[in-house]
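Structural overview for review
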Amino acid sequence: MQTEVVDHPLLADTMAVVRDRDTDGERFAAAVDRAATLLLTAASARLPTRLEEVATPLGPANCRRLAEQPVLVPVLRAGLGLLPAARALFPAAPVAFVGLRRDEATAEPHWYLDALPERLADRHVIVLEPMLATGGTMVQVLGRLAALGALQITLVALICAPAGLAQLERGAASLGIELRVVVGAADPGLDDRNFIFPGLGDAGDRLFGAL
């Protein structure tokens, strides 16, 4: 597993807005969208391309285009906050949804939606999940993706904790997945509720309101 904490002044400034408890819902969503754009740009730097000749107004030019579109997989509901940026960068990419709800007492994830295709072999998958805390949800998602044949997976997250990264590394190794994790910030640990500390609060609640 490869982990990249993206070091860029624009992202650092945006993450400060995301973390700030005084950032209201509208500004929070806008900052998440901006952070997602920067993270996805870094995450897509290694996608394969193909050469194609393009006719410019003055003559032919050799250009590079994406060899294929990745499959975008937002993890509901907070992952929807990263989806607009992903759709703007990959307008032709297919989107598949998964939904898992964390039991706040046990921190265990429970599936409530699996809208993945029947086959993902030979496809690069980009998973959108703002927060990687314990890693329990993502290990479940990785297992499902691997069962469908996806072996090249990139996770794009705003923030992570060491426990989540360790859990993902073990999971990816056991599943034989080539996993890359691209995040905006790495925090030192979890609090007694298994929230990333100091973190940014509950991304889903801040994006869509507390339920």
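This text follows the structure it describes.
Just so you know, these numbers come straight off a predicted model, no measurement behind them.

1. Digging into the overall build of the chain
Helices and strands together make up the secondary structure of the chain, namely six helices and twelve strands. For the chain, the C-alpha radius of gyration of 17 Å lies close to 17 Å, the compact-globule estimate for 211 residues. Expressed as lengths along the three principal axes of its C-alpha atoms, the size of the chain is roughly 60 × 40 × 30 Å. Long-range pairs, those at least 24 residues apart, make up 70% of the contacts in the chain with a sequence separation of at least 6. When the accessible surface of the chain is summed, it comes to about 10800 Å², and 53% of that surface belongs to carbon and sulfur atoms. Of the side-chain charges in the chain, 19 are positive and 25 negative, and the distance between the mean point of each set is 3 Å.

2. Considerations on the packing of helix α1 (residues 9-19) against helix α2 (residues 25-43)
Closest axis-to-axis distance for the α1/α2 pair is 9 Å, and the angle between their directions is 150 degrees. With respect to α2, the element α1 is oriented roughly antiparallel. The element α1 and its partner α2 pack so that their crossing is left-handed. In contact with Leu 10, Leu 11, Thr 14, Met 15, Val 17 and Val 18 of α1, α2 contributes Arg 27, Phe 28, Ala 31, Val 32, Arg 34, Ala 35, Leu 38 and Leu 39. When its residues are assigned to classes, the contact of α1 with α2 shows eleven nonpolar, one polar and two charged.

3. Considering the pattern of salt bridges
The full count for this structure, using the stated rule, is seven salt bridges. Of the charged contacts, one joins Arg 193 and Asp 191 as a salt bridge, the two residues approaching to 4.0 Å between their closest N and O atoms. With relative accessibility at 52%, the residue Arg 193 sits in the exposed group. Through salt bridges with shared partners, a single network forms among Arg 50, Glu 52 and Arg 65.

4. Brief notes about the pairing of strand β4 (residues 71-76)
Where burial is concerned, most of β4 is hidden: six out of the six residues are buried. Burial along β4 is two-sided: Val 71, Val 73 and Val 75 facing one way and Leu 72, Pro 74 and Leu 76 facing the other are all buried. Two strands pair when backbone bridges link them, and β4 and strand β7 (residues 124-128) are joined in this way by four bridges, in the parallel orientation. If you follow Val 71 over to β7, its bridge partner there is Val 125. Here β4 pairs with strand β5 (residues 97-102) via two bridges, running parallel. Each bridged residue has a counterpart across the sheet, and for Val 75 the counterpart in β5 is Val 98.

5. A word on unusual backbone geometry
A cis amide bond links Leu 76 to the next residue, Arg 77, at an omega of 0 degrees. Within the secondary structure, Arg 77 is located in the loop between β4 and α3 (83-89). Geometrically, the link from Phe 197 to Pro 198 is a cis peptide bond, its omega value of 0 degrees lying close to zero. The topology assignment puts Pro 198 in the loop between β12 (196-197) and α6 (203-208). For Asp 122, which is not glycine, the phi torsion reads 65 degrees and is therefore positive. Mapped onto the secondary structure, Asp 122 falls in the loop between β6 (109-115) and β7. Positive phi is not limited to glycine here, since Asn 194 has a value of about 65 degrees. Turning to its location among the elements, Asn 194 is positioned in the loop between β11 (189-190) and β12.

6. Comments concerning the packing of helix α4 (residues 136-147) against helix α5 (residues 162-175)
It is at 9 Å that the axes of α4 and α5 come closest, and there the two elements cross at 15 degrees. As judged from the angle between their axes, α4 and α5 are roughly parallel. Classified by chirality, the crossing of α5 by α4 is right-handed. Residues Gly 136, Met 138, Val 139, Leu 142, Gly 143 and Ala 146 of α4 touch α5, and the partners they reach there are Gln 167, Leu 168 and Leu 175. For the contact of α4 with α5, a count of residues per class yields six nonpolar, three polar and no charged.

Reading guide: rules and limits
- Residues numbered from 1 in each chain as written.
- Predicted model: local features only at pLDDT ≥ 70, side-chain atom pairs only at ≥ 80, totals over all residues.
- Heavy atoms only, no water.
- Helix = DSSP H or I, 4+ residues; strand = E, 2+ residues; numbered from the N terminus.
- Rg over C-alpha atoms; globule rule 2.2 N^0.38 Å.
- Contact = heavy atoms within 4.5 Å.
- Areas by Shrake-Rupley, 256 points an atom, 1.4 Å probe, with all protein chains shown as cover.
- Lys, Arg positive; Asp, Glu negative; His and termini not counted.
- Charge placed at Lys NZ, Arg CZ, Asp CG, Glu CD.
- Axes fitted to C-alpha atoms, helices over the stretch in contact; angles between N-to-C directions.
- Parallel < 35°, antiparallel > 145°, perpendicular 65-115°, else oblique.
- Left-handed = near helix turned anticlockwise from the far one by under 90°.
- Nonpolar A, V, L, I, M, F, W, Y, C, P; charged D, E, K, R; others polar.
- Salt bridge = Lys/Arg side-chain N within 4 Å of Asp/Glu carboxyl O.
- Buried < 20%, exposed > 50% of the residue type's maximum accessible area, 1.4 Å probe, protein only.
- Pairing = 2+ DSSP bridges.

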